Protein chains: 2
Amino acid sequence: MTTKPDALPFDLRALEIFLSVCEAGSMAAAARALSLTQPAVSQAIADLELRTQTTLFDRSVRPLALTPPGGVMRQRAAALLSEARQIAPLLRETVRGRLALVRVGLVDSLARALSVPIATYLSTRAEQVSILSGLTAAHAGALLTRNLDLFIGVDDLVEIAGLERFELVSEPYIVLLPPGTPAPETPAALAALAKRLPLVRYSARSKTGIEIERHLRRLGLTIAAGPAFDTPFGVTEMVACGAGFAISTPLCLAEAALADHAVAAAPLPGPVFARTLTLVARRQELGMLAHDVSVACRHALRQSTLPKLRTAMPWLGDSLTS
Amino acid sequence: MTTKPDALPFDLRALEIFLSVCEAGSMAAAARALSLTQPAVSQAIADLELRTQTTLFDRSVRPLALTPPGGVMRQRAAALLSEARQIAPLLRETVRGRLALVRVGLVDSLARALSVPIATYLSTRAEQVSILSGLTAAHAGALLTRNLDLFIGVDDLVEIAGLERFELVSEPYIVLLPPGTPAPETPAALAALAKRLPLVRYSARSKTGIEIERHLRRLGLTIAAGPAFDTPFGVTEMVACGAGFAISTPLCLAEAALADHAVAAAPLPGPVFARTLTLVARRQELGMLAHDVSVACRHALRQSTLPKLRTAMPWLGDSLTS
DNA sequence: CACTTAGTATAAGAAATAGTTATAGTATGG
DNA sequence: CCATACTATAACTATTTCTTATACTAAGTG
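Bear in mind that the values here come from a model prediction, so they are computed numbers and not experimental data.

Draft legend 1. View of the overall build of chain A. Summing up its helical and strand segments, chain A has 11 helices and 12 strands in all. Each principal axis of the C-alpha distribution contributes one length, and for chain A these read about 75 × 50 × 40 Å. Per-residue burial for chain A yields a buried fraction of 41% across its 322 residues. Put simply, of all contacts in chain A between residues at least 6 apart along the chain, 70% involve residues at least 24 apart.

Take a look at the structure:
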């Protein structure tokens, strides 16, 4: 009502004034620092509070105190302003045909395998390269809000138009067991195993974790809650400690990079259950760059990571494809 | 002259209009989409170009084309606006006493050792936790511009006031060699080794790389240029391949997590040369949080990483301290 | 090629916004 | 309780942003 739903809640000038008040400790002092009058600052802050529908300062004490939302605002406003100030110089530095900054999201399971190849390849194509590891869900959101230029992950965002996708590798899910534990040969054996040993999960924040839960439900298996981790390292380490077993993948196992035989790997019994890692970018914004990165990644995987996995787990056969 | 040096180069409204033009493909179409008149859009874009001192669109073709700086502007403007729009809802969600978001920079050499403990600990203290691995230089800059709340790295920023620092661990530099290579016992032997085998370096962008170069100069050693990497994994992997030797540290070796005996480690001959990893935060903004994180980190290191290093490299003695 | 169409640029005035001065009210310290 | 230094509100002014009006330009069409 007050404003259109997509209207901007403030402008940068208001944030600048707000931060000045935070630093100066009072509106009057901020006004002096900014060469404004005190009412101008007072109004700007009041307007900012109105637009964000929050109270930023506690006026009942002096010197002025930040409320909890005010503290968050200070944190975010400072970040936003510093980014804004970087933009203009960056534009002027931009050299024809060379990107100033490429931001890549890389799913944790490929961080070790691909961060070096991606960084090496992109450094020939961009001034600055930023590679963030993490969960695909976060990266997918960041791509859509343009906080990332491309990501590699386990979700190809089929439902979103205007993206381009390059499949890098497909791999089956596997079972990870503490050394010496016999491998379950059937889904029933898996269920029996889960009675003796907790299942170490990927957290429900990760796409892999969600997929695994769904698969277990399809198999009709209900397995008691156990520890959950976001990263392959966390899950694998827990299994290595003997604290449980896990459903994971060959690349996740490679990512954890534990000592040989620290955990045992076995095929996942039951119907075929696999995942595909895909490079996703917005169409027509990076030219051929996304395609070229996908080629470099596939090359790096075929040269180095996949042969190692095939040696360590010969039973993978051609379920591991690139 | 045109504007004060610290003046804002633009307003969020201008970026909104700019992005609308990018999407619509023409200023006239953008004006319709925004319920403005065409001259309003034309003026806003002209003003934005004037303030940033760039040309964003190529008007000599239709439909309007983005110039290279225009492309960068699109990328950055979209990111900035999406962040700006997130702020107000975030403020309203803020619960008393609990931080909405804590952003941590973690030096690559501790990424494996500490990302899980930090994430686990902070999830009890904040709604959302963001951990970025990378180079300390980038994190130090990000802390000062408030894009990070705290970082753990190899620079304690002594020259900057208003920060608080917590030392986590000190470790000596060591030599990494391909398996079977005899360890150099003296600086002279190190120089001789460098004649036979290239030195794999940490890049000059990393603080560690800079420190190592300085130390070599102090020793009077000039070593021919070889390959350089930003990350411990890159450097260690090269040595494991037999492509050279490296000067590194125990924690970097642990971070690379190669198989046992994939590389040989030996003391660095010559005078004592060590580094200290420190947690740095802005004073008085996070309360006790920075201190509490440092305690959690030191605990995690003493429990898990340091004992392993002492076992693998018993000659470290008490040069490795926490 | 003239000619239409859909677009961009510029000038001048209207509307909205951000600033000012003036003044009343409030927290804190002597 | 009073002095001081601050914040809030009202009314006015200056500046900026947007509109109308009009001239100019790129690209397609017969």
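Draft legend 2. Quick peek at the protein's contact with DNA strand D. Around DNA strand D, a shell composed of 22 residues is seen, among which M27, A28 and P39 of chain A together with P39 and A40 of chain B lie nearest. Looking at the surface near DNA strand D element by element, the count peaks at 5 residues for helix 3 (residues 38-52) of chain A. Its residues assigned to classes, the surface near DNA strand D comprises 11 nonpolar, 7 polar and 4 charged.

Draft legend 3. Spotlight on the sheet that holds strand 7 (residues 174-177) of chain A. Residue and element names in this part refer to chain A. Strand order in the open sheet made by the 5 strands is 9-8-10-7-11, with mixed pairing throughout. The open sheet is flanked by strand 9 (228-229) and strand 11 (264-267), the only strands paired with a single partner. In this sheet, strand 11 lies alongside strand 7 in antiparallel orientation, the contact comprising 4 bridges. Paired with L176 across the bridge in strand 11 is A265.

Draft legend 4. Seen up close, the protein's contact with DNA strand C. Residues in contact with DNA strand C amount to 22 residues; listed here are only the nearest, T37, P39 and A40 of chain A together with M27 and P39 of chain B. Elements supplying a minimum of two residues to the surface near DNA strand C: helix 3 of chain A together with helix 2 (27-33) and helix 3 (38-52) of chain B. Looking at the surface near DNA strand C element by element, the count peaks at 5 residues for helix 3 of chain B. Residue classes in the surface near DNA strand C are distributed as 11 nonpolar, 7 polar and 4 charged.

Draft legend 5. Layout of the nonpolar core. Residues L106, I152 and L176 of chain A together with L106, L150, I152 and L176 of chain B are the most contacted members of the largest nonpolar core, which totals 122 residues. Here L150 of chain B is in contact with V104, L279, V280, A281, L286, A290 and V293 of chain B, once residues within four sequence places are set aside. The next biggest cluster of nonpolar side chains, apart from the first, holds 51 residues, and it includes F18, V21, I45 and F57 of chain A.

Draft legend 6. Structural context of the interface of chain A and chain B. The interface of chain A with chain B comprises 45 residues on the first partner and 45 residues on the second. At 17 residues, helix 4 (residues 68-93) of chain A tops the list of elements feeding residues into the side of chain A that touches chain B. Within the side of chain A that touches chain B, the residues separate by chemical class into 22 nonpolar, 12 polar and 11 charged.

Draft legend 7. How the structure looks around the confidence of the model for chain A. Residue and element names in this part refer to chain A. Summarising the model, chain A shows a mean pLDDT of 87, and 96% of its residues fall at 70 or more. The secondary-structure element of chain A with the lowest mean pLDDT is strand 4 (residues 126-134), recorded at 75, while strand 7 shows the highest, at 96. With pLDDT under 50 throughout, residues 1-5 is counted as low confidence; its partners more than four residues away or in other chains account for 0 contacts.

Draft legend 8. Focus on the sheet that holds strand 10 (residues 245-248) of chain B. All names here are of chain B. What the 5 strands build is an open sheet, ordered 9-8-10-7-11; its pairing is mixed. In this open sheet, the two edge strands, each paired with only one partner strand, are strand 9 (228-229) and strand 11 (264-267). As paired strands, strand 8 (residues 199-202) and strand 9 are joined by 2 bridges and run parallel to one another. Within strand 9, the residue paired with R201 across the bridge is A228. Helix 9 (residues 232-240) contacts strand 7 (174-177), strand 8, strand 9 and strand 10 of the sheet and is inclined by roughly 145° relative to strand 10.

Draft legend 9. Seen up close, unusual backbone geometry. A positive phi angle, close to 65°, is found at H261 of chain A, a residue other than glycine. Secondary-structure assignment places H261 of chain A in the loop between helix 10 (250-256) and strand 11. Looking at H261 of chain A, the number of C-beta atoms within 10 Å reads 11, which means it is exposed. The phi dihedral of L157 of chain B falls on the positive side, at around 50°, and the residue is not glycine.

Draft legend 10. Local environment of the relation of the copies chain A and chain B. With an RMSD of 0.2 Å, the fit of chain A onto chain B corresponds to turning through 180° and sliding 0.0 Å along the axis. Taken together, the rotation and translation relating the two chain copies correspond to the operation of a two-fold axis.

Draft legend 11. Structural context of helix 4 of chain A. The end-to-end C-alpha separation of helix 4 of chain A is 39 Å, in line with the 38 Å expected for 26 residues at 1.5 Å each. The sharpest bend along helix 4 of chain A reaches about 25° and sits at I87 of chain A, with the proline P89 of chain A one to four residues further on.

Draft legend 12. Main features of the environment of A264 of chain A. Residues and elements named next belong to chain A. Counting through the fold element by element, A264 comes out in strand 11. A C-alpha to C-alpha distance of 9.1 Å links A264 and P182, two positions 82 residues apart in sequence. Not counting the four nearest positions on each side in its chain, A264 is found in contact with L177, P179 and T181.

Draft legend 13. Layout of helix 11 (residues 289-312) of chain A. For helix 11 of chain A, built from 24 residues, the straight-helix expectation of 34 Å at 1.5 Å per residue is met to within 8% by its first-to-last C-alpha distance of 33 Å. Among all positions in helix 11 of chain A, only A290, V293, S294, C297, A300, L301, T305, L306 and L309 of chain A are buried.

Draft legend 14. Just the packing of helix 1 (residues 12-24) of chain A against helix 2 (residues 27-34) of chain A, in detail. Residue and element names in this part refer to chain A. Relative orientation of the contacting elements helix 1 and helix 2 amounts to 115°, with a least axis distance of 8 Å. You can see that helix 1 and helix 2 cross each other, and the crossing is right-handed. Of helix 2, the residues touching helix 1 (which contributes I17, S20, V21 and A24) are M27, A29, A30, A33 and L34. Of the residues assigned to the contact of helix 1 with helix 2, the class counts are 8 nonpolar, 1 polar and no charged.

Draft legend 15. Quick peek at the environment of A24 of chain A. All names here are of chain A. As for its placement among the helices and strands, A24 is situated in helix 1. On the basis of neighbour count, A24 is assigned to the partly exposed category, with 18 C-beta atoms found within 10 Å. The sequence separation of A24 and T94 amounts to 70 residues, and the corresponding C-alpha distance is 36 Å. Apart from residues no more than four positions distant in its own chain, A24 is found in contact with A29, A30 and A33.

Draft legend 16. Structural detail: the environment of T276 of chain A. Residues and elements named next belong to chain A. On the secondary structure map, T276 appears in strand 12 (residues 274-282). When the C-alpha atoms of T276 and R74 are compared, they prove to be 41 Å apart, with 202 residues separating the residues in sequence. Apart from residues lying up to four places away in sequence, T276 is in contact with E167 and S170.

Draft legend 17. Local environment of the pairing of strand 5 (residues 150-153) of chain A. Residue and element names in this part refer to chain A. Side chains L150 and I152 of strand 5 all project onto a buried face; the interleaved residues F151 and G153 project onto the opposite face, where all are buried too. Here 4 bridges tie strand 5 to strand 12, and the two strands are oriented antiparallel to one another. Across the sheet, the residue bridging to L150 is A281, located in strand 12.

Draft legend 18. Focus on the packing of helix 1 of chain A against helix 3 of chain A. All names here are of chain A. Where helix 1 contacts helix 3, the two axes come as close as 10 Å, and the packing angle between them is 110°. By the angle class used here, helix 1 and helix 3 are roughly perpendicular. Both helix 1 and helix 3 take part in a crossing whose hand is left-handed. From helix 1, A14, I17, F18 and V21 reach across to helix 3, where they touch V41, A44, I45, D47 and L48.

What counts, and at which threshold
- Residues numbered from 1 in each chain as written.
- Chains lettered and ligands numbered in written order.
- Predicted model: local features only at pLDDT ≥ 70, side-chain atom pairs only at ≥ 80, totals over all residues.
- Helix = DSSP H or I, 4+ residues; strand = E, 2+ residues; numbered from the N terminus.
- Buried ≥ 20, exposed ≤ 12 C-beta atoms within 10 Å, placed from the backbone.
- Contact = placed C-beta atoms within 7 Å.
- Near = placed C-beta within 6 Å.
- Nonpolar A, V, L, I, M, F, W, Y, C, P; charged D, E, K, R; others polar.
- Pairing = 2+ DSSP bridges.
- Core = buried A, V, L, I, M, F, W, Y, C linked by C-beta atoms within 7 Å.
- pLDDT = per-residue confidence, 0-100.
- Axes fitted to C-alpha atoms, helices over the stretch in contact; angles between N-to-C directions.
- Least-squares fit on C-alpha atoms with pLDDT ≥ 70 in both.
- Expected span 1.5 Å × (residues − 1).
- Bend = angle between axes of the 7 residues up to and from the residue.
- Left-handed = near helix turned anticlockwise from the far one by under 90°.
- Parallel < 35°, antiparallel > 145°, perpendicular 65-115°, else oblique.

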